[in-house]
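So you can see what is in the structure, the chains are spelled out below.
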Amino acid sequence: MNAKSKSNKSVVVVIASIAATGGLLFGFDTGVISGAIPFLQDYFVLTDSQVENVTALGLIGAVVGALFTGAITDYLGRKKVILASAFIFATGAVWTGLAPTVTQLMISRFYLGLAIGVSSFAVPLYISEIAPTKIRGRLVSMFQLLITVGILAAYLSDKGFADNNNLECWRPMLYVGVIPALILFIGMFFLPETPRWLMSKGREDEARTVLGKIENPDFIDSSIAGMKSDIAIDASQASWKEIFKPWLRNALIIAMGIMFFQQFVGINTVIYYSPKIFLAAGFEGAEAAIAASVIVGVVNVLFTIISLFIIDKLGRRKLYFLGVTGIFFALISMGLGFMLPGAGKWFLVISMLVYIAFFAISLGPLGWLIITEVFPTRVRGLGASIGSLSNWGFNTLVVWTFFKMASAIGNAKEVVVPEGQDLSEVCPTCIGSVFWVFAAVALIGLVWGYYFIPETKGVSLEKIEEHWKNGGKPRELGK
Ligand code: BGC
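Predicted, not measured: the structure shown is a model, and the values here were computed from it.

Undergrad: Help me understand the pattern of salt bridges in this model?
TA: Here the idea is simple: oppositely charged side chains can pair when their charged atoms come close. The tally for this structure, following the rule as stated, stands at 13 salt bridges. Salt-bridge contacts for glutamate 129 lead to arginine 380; the nearest nitrogen and oxygen are separated by 2.7 Å. Taken together, the residues glutamate 129 in helix H4 (residues 102-130) and arginine 380 in helix H18 (residues 377-412) connect sequence positions 251 residues apart. By the burial criterion, glutamate 129 is buried, and arginine 380 matches it. A salt bridge links arginine 171 to glutamate 168; the shortest N-O distance between them is 2.6 Å. Connected via shared salt-bridge partners are Asp74, Arg78, Glu129 and Arg380.

As structure tokens, this is what we get:
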């Protein structure tokens, strides 16, 4: 590798790291609420259903954010949309922290949710379009890495500010979100627009200037040529109409399907409820349970780092099958952990860590990566936003139904829950069974993946598009 292409690679890594701060905000803002809730609830004297509303409004905001901005991202460009989301993140963090009434808290969580939804597809999209093909997987996975760092930072911020003598300690927990938002806003201000989007708007000179900074000089001309032919074919199509055309059906199934499996193996029941799950498994005291959750957060970060090094080597398909198989066995043993008396709790902790590790190397990064790879440039923003929308929709569904599924199993077993206790205390096996339901989903995911997960490793975005145009099957890509 010559000196010039080496320095270009460092520029790309810097650019991707700044943009990936959007992932940190995503992780932080979805994670931080769990530790803030006990204090919020006492401070505003909220019922459980009001608490649910506060949490849900953030997720609904994310759905709305992803729904309405996909086409705007294709129209205005990736950079402007990310800048706008950084602005909402910063002001939203201050607003939620200051909220004088619960109504304002709900509205401000919704507002913050919009930014979460927008950044969750615009950031990986930006990175994938600016990355050289060879390291695209690794660079987009940096987004996932920062999601996991954000979740961990949220657990720590919750832990650090939690103060039983101060009911307003939830405010500083939320203010912390301003810091990454400012980093994203200021950083993004200096970053270029992606060459692919510039080309789609006919701004070839600017696209060349950007490519000159980031691409191996030997590949600039061929990159431009590839983008040109890609755009020429698309030029007359309108995005919404285009995306539902038969030749893009597989791309849509892939984007929605991978997000379905990413969420329906139950990842966020562990991420959001791990302290509660640990208590149900027989750990005593909230502190031990919270400490156990921090370990979950750390393992999540560490294994995501590992995925950065293997995603462009092993490829997407191998990683998918390895990860989902591991997830399947880990879910089976998590279920067992609830069934075995006594020794079960350690068995559960270990299985849960194994589960997180397999998720972190596979479905976590692959979901966000693949939704940015499978669509052609003109509708890539819209396509990725549909992937992201599915992610948030499925996420909300799983998180809302987790305890309900457990209760349904409890009802079927005719378990009686005494006043003042909850189901997890009297029927840990009811919770355990839900993990077996998730295991069944993982099994179906393996079959689905065989037909639909494309091998996009080392294949340029333009080649992927060509494959669909030629009527190629997902599993034949990259062969
Ligand atoms: C998922 C999130 C999840 C996180 C855990 C992401 O890829 O989309 O729902 O909380 O990974 O690390």
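Undergrad: Explain the confidence of the model for the chain here, please?
TA: The predicted coordinates of low-pLDDT regions are not to be read in fine detail. Chain-level statistics for the chain give a pLDDT mean of 88 and a share of 94% at 70 or above. Between the elements of the chain, mean pLDDT differs from a low of 70, seen in helix H19 (residues 423-426), to a high of 97, seen in helix H12 (residues 249-264).

Undergrad: Help me out: how do you make sense of the nonpolar core in this one?
TA: Considering soluble globular proteins, one finds that nonpolar side chains tend to be buried as a cluster. Of all hydrophobic cores here, the largest spans 133 residues; its most connected members are Tyr126, Ile127, Ile258, Tyr320, Leu331, Tyr355 and Phe435. With eleven residues, the top contributor of residues to this core is helix H20 (residues 428-452). For this core, the domains that each give at least three residues are domain 1 (1-191) and domain 2 (240-479). Aside from chain neighbours lying at most four places away, what touches tyrosine 126 is Ile15, Ala19, Arg78, Ile82, Met188, Leu191, Pro192 and Thr194. With 20 residues, the next largest nonpolar core counts Phe28, Ile33, Ala36 and Leu46 among its residues.

Undergrad: It is not clear to me how the packing of aromatic side chains should be interpreted in this structure. Could you clarify?
TA: In this description, an aromatic ring pair is defined by two values, namely the gap between the centres and the angle between the planes. Using the criterion set out here, one finds 22 aromatic pairs in the structure. When the centroid spacing of 5.8 Å and the interplanar angle of 75 degrees are considered together, the rings of phenylalanine 189 and phenylalanine 190 count as edge-to-face. Overall, phenylalanine 190 belongs to the exposed group, its relative accessible area being 65%. An angle of 40 degrees between the planes, with centres 5.2 Å apart, marks the rings of phenylalanine 261 and tryptophan 448 as tilted. Placement of phenylalanine 261 in helix H12 and of tryptophan 448 in helix H20 is noted, with a sequence separation of 187 residues between them.

Undergrad: I keep staring at the site of the ligand and nothing clicks. Help me out?
TA: Contacts to the ligand come from Gln144, Thr148, Ile151, Gln262, Gln263, Asn268, Asn300, Phe359, Gly364, Trp368, Asn391 and Asn395. One nitrogen or oxygen atom from the side chain of glutamine 144 is found 2.7 Å from an oxygen atom belonging to the ligand. The contact in question runs from an oxygen atom of the ligand to an N or O atom on the side chain of asparagine 300, over 3.0 Å. Burial of the ligand by the protein chains amounts to 99% of its free accessible area of 310 Å². Of all the secondary structure elements, the ones that give two or more residues to the shell around the ligand are helix H5 (136-161), H12, helix H17 (363-373) and H18. Of all the elements, H5 adds the most residues to the shell around the ligand, at three residues. When grouped by side-chain class, the residues that make up the shell around the ligand number three nonpolar, nine polar and no charged. Taken together, domain 1 (1-191) and domain 2 (240-479) each give at least three residues to the shell around the ligand, which thus spans both.

Conventions we followed
- Residues numbered from 1 in each chain as written.
- Predicted model: local features only at pLDDT ≥ 70, side-chain atom pairs only at ≥ 80, totals over all residues.
- Heavy atoms only, no water.
- Salt bridge = Lys/Arg side-chain N within 4 Å of Asp/Glu carboxyl O.
- Helix = DSSP H or I, 4+ residues; strand = E, 2+ residues; numbered from the N terminus.
- Buried < 20%, exposed > 50% of the residue type's maximum accessible area, 1.4 Å probe, protein only.
- pLDDT = per-residue confidence, 0-100.
- Core = buried A, V, L, I, M, F, W, Y, C linked by side-chain atoms within 4.5 Å.
- Domains from an automatic or database assignment.
- Contact = heavy atoms within 4.5 Å.
- Phe/Tyr/Trp six-rings, centres within 6.5 Å; stacked < 30°, edge-to-face > 60°.
- Near = heavy atom within 4 Å.
- Polar contact = N/O pair within 3.5 Å; in protein donor to acceptor, adjacent residues only side chain to side chain.
- Areas by Shrake-Rupley, 256 points an atom, 1.4 Å probe, with all protein chains shown as cover.
- Nonpolar A, V, L, I, M, F, W, Y, C, P; charged D, E, K, R; others polar.

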